[in-house]
Amino acid sequence: DTAVSQTPKYLVTQMGNDKSIKCEQNLGHDTMYWYKQDSKKFLKIMFSYNNKELIINETVPNRFSPKSPDKAHLNLHINSLELGDSAVYFCASSQGLGRVYSPLHFGNGTRLTVT
Amino acid sequence: GQQVMQIPQYQHVQEGEDFTTYCNSSTTLSNIQWYKQRPGGHPVFLIQLVKSGEVKKQKRLTFQFGEAKKNSSLHITATQTTDVGTYFCAGLTTLTYNQGGKLIFGQGTELSVKP
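Overview of the structure. (Residues numbered from 1 in each chain as written. Chains lettered and ligands numbered in written order. Predicted model: local features only at pLDDT ≥ 70, side-chain atom pairs only at ≥ 80, totals over all residues. Heavy atoms only, no water.)

1. Looking at the interface of chain A and chain B
It is common to give the size of an interface as the accessible area lost on bringing the parts into contact. In this complex, chain A contributes 21 residues to the contact, which on the side of chain B involves 24 residues. Interface area, chain A with chain B, both sides summed: about 1900 Å², of which 58% is carbon and sulfur. Linking chain A with chain B are 1 salt bridge. Among the salt bridges present, the one from A:K41 reaches B:E110, with a minimum N-O distance of 3.7 Å. For the pair chain A and chain B, the interface holds 4 residue pairs in polar contact (both at pLDDT 80 or more). Secondary structure elements with two or more residues in the side of chain A that touches chain B: strand 4 (31-37) and strand 6 (53-57) of chain A. When grouped by side-chain class, the residues that make up the side of chain A that touches chain B number 12 nonpolar, 5 polar and 4 charged. (Contact = heavy atoms within 4.5 Å. Buried area = accessible area lost by both parts, 1.4 Å probe. Salt bridge = Lys/Arg side-chain N within 4 Å of Asp/Glu carboxyl O. Polar contact = N/O pair within 3.5 Å; in protein donor to acceptor, adjacent residues only side chain to side chain. Helix = DSSP H or I, 4+ residues; strand = E, 2+ residues; numbered from the N terminus. Nonpolar A, V, L, I, M, F, W, Y, C, P; charged D, E, K, R; others polar.)

Next up, the structure:
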């Protein structure tokens, strides 16, 4: 049983294209996140949704647009892809936003390569 | 902004040697969480520390939270090849009204173990 699943696992595309990454969690959590991990493995939060409401938006370019149709899903759409967008994108979920006893559960990641 | 600094960035050890990674925060944390990411994998939650001066052990792993709740360490005794991966600390900033805290990741320490 996959707790947090995201698709696709790999995404190779050209500059200027638009692409989407999907994420679903079956843990019953009410908070979901998108993290970007660069080539140096630094994990940077991009967005956080709590009960479908956008809570955290960390100075991410407008080309990135998250959408949460319900508590169990958080998708990420990226317009006009740039070389610098190449990274691994992780979806994660937790019960409650920033609660003391609520660790993150990460998906397997989507490796995005922009050529 | 709030930062969590983690050192060293890389550590290469001989199997059987000990390993320690350190985290320091610029502000007081509500808690500190530790994650392990195996090569090609996703971050997996290991443990969290909440109380000032708290020490927790998981087999060969010892986790400490500083008295001022601004620093933490992870110590592995007698490393094994299965310990290979990147270890991240993540500090939960002070909870704010209606939003919860924000989890800020350190840069990670990549551990390699030579058999």
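2. Overview of the sheet that holds strand 3 (residues 19-25) of chain A
Residues and elements named next belong to chain A. Within the open sheet, the 4 strands sit side by side as 1-3-8-7. Their pairing is antiparallel. Each end of this open sheet is capped by a strand with a single partner; those strands are strand 1 (4-7) and strand 7 (64-70). Neighbour-to-neighbour, the strand axes of the sheet open up by a mean angle of 15°, direction not taken into account. In this sheet, strand 8 (residues 73-78) lies alongside strand 7 in antiparallel orientation, the contact comprising 5 bridges. Its bridge partner lying in strand 8, P66 is registered against L76. (Pairing = 2+ DSSP bridges. Axes fitted to C-alpha atoms, helices over the stretch in contact; angles between N-to-C directions.)

3. Points about the environment of A:T7
All names here are of chain A. Within the secondary structure layout, T7 lies in strand 1. What makes T7 partly exposed here is its relative accessible area of 47%. Expressed as a C-alpha distance, the spacing of T7 and K19, which sit 12 residues apart in the sequence, is 11 Å. (Buried < 20%, exposed > 50% of the residue type's maximum accessible area, 1.4 Å probe, protein only.)

4. As for the sheet that holds strand 3 (residues 19-25) of chain B
Residue and element names in this part refer to chain B. With antiparallel pairing, 5 strands are arranged side by side in an open sheet as 1-3-8-7-6. The open sheet has two edge strands, strand 1 (4-7) and strand 6 (55-58), and neither has a second partner. Strand-to-strand, the axes of this sheet are offset by a mean angle of 15°, without reference to chain direction. One ladder, built from 5 bridges, connects strand 7 (residues 61-65) with strand 8 (residues 71-76); its direction is antiparallel. Each residue of the ladder has a partner; that of F65, found in strand 8, is S72.

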